[in-house]
Amino acid sequence: MREKIVAGNWKMNKTLEEARILTTEVMGMVADEVKGKVKTILCVPFPYLAILKNQLGNSAVKIGAQNCSEHDWGAYTGEVSSLMLKSMEIPYVILGHSERRQYFGENGKLLATKVDKALAANLTPIFCCGEPLEIREAGTHEKLVKLQVEESLFHLTAEALKKIVIAYEPVWAIGTGKTASAQQAQEMHAVIRKHLASKYGDSVASEISILYGGSVNAKNAQELFSCPDVDGGLVGGASLKSREFVDIVKAMK
Ligand code: PEP
């Protein structure tokens, strides 16, 4: 049975003090109100990983990074490798977020390498895919998203694929306040799952958690999460407010 997951992507936000407060609040509310029914993950900026991991201790809330390098070690100033994250016992890493694709030129081939590095370091990649507005308007969104999945994941064995979490995030819905309708989300999640099934079979595809991301908030989460192929959410802006984020987690129960 695939897992229900809600992950917060803090992006490049919060001072250390603010980050500590937000973590304390989320941890407390999740312990009181969620009771282990939904895996809750906070993907935080690199400098806060060790501190917040320590703060979370053995809480049900897990920690994740927002990226990792395609290299293991060496002269790559400013980069952080999957082996560094492994050495800190960080369990999750977001890969291929549309902001990384757009602002840092990450492409499918590079992301295939990052996925391999993350898996080799025992990290669970939260692999993002999704189409920009012009592709949606041209009606070629299914083709593009299938290609994104193919380019970065289809080299994996079935066993390796089962360790991946996928996040479908239409770029036009990220940070815009414009959410995909539940029907649009369900359609695309079903397309992704069917595409996985075409390569790995139904049983493997049915085990992969596919999260929806794009302006999820406490008001729209329940409808989106009620779709049969939506297994949770990757939440940006709304993950910066503890009450709203935990209400989103609760919408997945
Ligand atoms: C994201 O950054 O992954 C995201 C979905 O952002 P937002 O929820 O703010 O649209």
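Please refer to the structure placed before this passage.
Owing to the predicted nature of the structure, the values given are computational and were not obtained by experimental measurement.

## Looking at the pairing of strand 5 (residues 124–129)
Across a regular strand the side chains alternate sides, sitting on one face of the sheet and then on the other.
Link 1 in the chain: Most of strand 5 sits out of view: five of its six residues are buried.
Link 2 in the chain: Here four bridges tie strand 4 (residues 92–95) to strand 5, and the two strands are oriented parallel to one another. Directly across from Leu95, in strand 5, lies its bridge partner Phe127.
Link 3 in the chain: Relative to strand 6 (residues 165–168), strand 5 runs parallel, the two sharing four bridges. Among the inter-strand pairings, Cys128 is bridged to a residue of strand 6, identified as Ala167.

## Thoughts on the state of the cysteines
Link 1 in the chain: Counted under the stated rule, the structure contains zero disulfides.
Link 2 in the chain: Not part of a disulfide, Cys129 finds its nearest cysteine sulfur in Cys128, a span of 7.6 Å.
Link 3 in the chain: Relative accessible area serves as the criterion here: at 3%, Cys129 is assigned to the buried category.

## A look at the sheet that holds strand 6
Link 1 in the chain: With parallel pairing, the eight strands of this closed barrel are ordered in space as 1-2-3-4-5-6-7-8. Shown here is a sheet whose adjacent strand axes are inclined to one another by a mean of 25 degrees, direction ignored.
Link 2 in the chain: Bridging between strand 1 (residues 5–9) and strand 2 (residues 39–43) involves five bridges; their strand directions are parallel. Residue pairing for strand 2: Gly8 is matched across the bridge by Leu42.
Link 3 in the chain: Lying on the sheet, helix 7 (residues 141–153) is in contact with strand 5 and strand 6; it crosses strand 5 at an angle near 150 degrees.

## Observations concerning the packing of aromatic side chains
Link 1 in the chain: The full count for this structure, using the stated rule, is two aromatic pairs.
Link 2 in the chain: With a centroid separation of 5.8 Å and an interplanar angle of 85 degrees, the aromatic rings of Phe154 and Tyr200 are classed as edge-to-face. Of the two residues, Phe154 sits in the loop between helix 7 and helix 8 (158–161) while Tyr200 sits in helix 9 (residues 182–200), which places them 46 residues apart along the sequence.
Link 3 in the chain: Phe154 sits in the buried class, given a relative accessible area of 14%.
Link 4 in the chain: Residue classification places Tyr200 among the buried positions, given a relative accessible area of 13%.
Link 5 in the chain: Ring centres of Tyr168 and Tyr212 lie 6.4 Å apart, and the angle between their planes is 55 degrees; this geometry places the pair in the tilted category.

## Observations regarding the site of the ligand
Link 1 in the chain: With respect to spatial proximity, 14 residues lie near the ligand, and among them Lys11, Glu169, Gly175, Ser215 and Gly236 are the closest.
Link 2 in the chain: One nitrogen or oxygen atom from the side chain of Asn9 is found 3.3 Å from an oxygen atom belonging to the ligand.
Link 3 in the chain: Gly175 places a main-chain nitrogen or oxygen 2.6 Å from an oxygen atom of the ligand.
Link 4 in the chain: Bound to the protein, the ligand loses 96% of the 290 Å² it would expose on its own.
Link 5 in the chain: Of all the cavities here, the one that holds the ligand is the second largest pocket.
Link 6 in the chain: Class assignment of the residues belonging to the shell around the ligand gives a composition of four nonpolar, eight polar and two charged.

## Quick notes on helix 9
Link 1 in the chain: Compared with the 27 Å implied by 1.5 Å per residue over 19 residues, the 26 Å span of helix 9 between its first and last C-alpha is a close match.
Link 2 in the chain: Buried within helix 9 are the following residues: Ala182, Ala185, Gln186, Met188, His189, Val191, Ile192, Arg193, His195, Leu196, Ala197 and Tyr200.

## What about the packing of helix 7 against helix 9?
Link 1 in the chain: Direction vectors running N to C along helix 7 and helix 9 enclose 45 degrees, while the axes themselves pass 10 Å from each other. The orientation of helix 7 with respect to helix 9, classified from their angle, is oblique. The element helix 7 and its partner helix 9 pack so that their crossing is right-handed. Contacts from His141, Glu142, Val145, Lys146, Val149, Glu150 and Leu153 of helix 7 reach helix 9 at Met188, Val191, Ile192, His195, Leu196 and Tyr200.
Link 2 in the chain: A breakdown of the residues in the contact of helix 7 with helix 9 according to their chemical character gives eight nonpolar, two polar and three charged.

What counts and what doesn't
- Every chain is numbered on its own, with residues counted from 1 as its sequence reads.
- Only residues with pLDDT of 70 or above have their local features reported here, since the model is predicted, and side-chain atom pairs are shown and tallied only from 80 upward, although totals for entire chains, interfaces and linings are computed over all residues.
- In computing side-chain values, all of the structure's heavy atoms are included and hydrogens and water are not.
- Using a 1.4 Å probe on the protein chains alone, a residue whose accessible area is under 20% of its type maximum counts as buried, one over 50% counts as exposed, and one in between counts as partly exposed.
- A run of H or I in DSSP counts as a helix once it spans at least four residues, and a run of E counts as a strand once it spans at least two, with each numbered from the N terminus.
- One requirement defines pairing of two strands: DSSP has to find at least two bridges between them.
- In this description, the term disulfide denotes a pair of cysteine sulfurs within 2.5 Å.
- In this analysis an axis means a line fitted to C-alpha atoms, helices contributing only their contacting stretch, and an angle means the value between N-to-C directions, from 0 to 180 degrees.
- Throughout, a contact is declared for two residues whenever any of their heavy atoms are within 4.5 Å.
- Only Phe, Tyr and Trp rings take part, Trp by its six-membered ring, and two of them pair if their centres are within 6.5 Å. Stacked means planes under 30 degrees apart, edge-to-face means over 60, and tilted covers everything else.
- For this description, a residue counts as near a given molecule or strand if any of its non-hydrogen atoms is within 4 Å of it.
- Any pair of N or O atoms that falls within 3.5 Å is considered a polar contact. Within protein, one atom must be able to donate a hydrogen and the other to accept it, and sequence-neighbouring residues count only if both atoms are side-chain atoms.
- Only the protein chains shown count as covering a residue, and every accessible area follows the Shrake-Rupley method with a 1.4 Å probe.
- Buried and open spaces are told apart on a 1 Å grid over the protein atoms alone, a cavity being a set of points where a 1.4 Å probe fits but cannot get out and a pocket being an open set with protein on both sides within 12 Å along at least five of seven lines. Residues with an atom within 4 Å of a point are the lining residues.
- Here the criterion for a molecule occupying a pocket or cavity is that more than half of its atoms lie within 2 Å of the pocket grid points.
- Three classes are used, and their members are as follows: Ala, Val, Leu, Ile, Met, Phe, Trp, Tyr, Cys and Pro are nonpolar, Asp, Glu, Lys and Arg are charged, and the others, Gly among them, are polar.
- One less than the number of residues in a helix, times 1.5 Å, gives the span that helix is expected to have.
- Each angle is binned into one of four classes, with values under 35 degrees roughly parallel, values over 145 roughly antiparallel, values of 65 to 115 roughly perpendicular, and all other values oblique.
- It is the rotation of the near helix from the far one that decides the hand of a crossing: anticlockwise by less than a right angle makes it left-handed, clockwise makes it right-handed.

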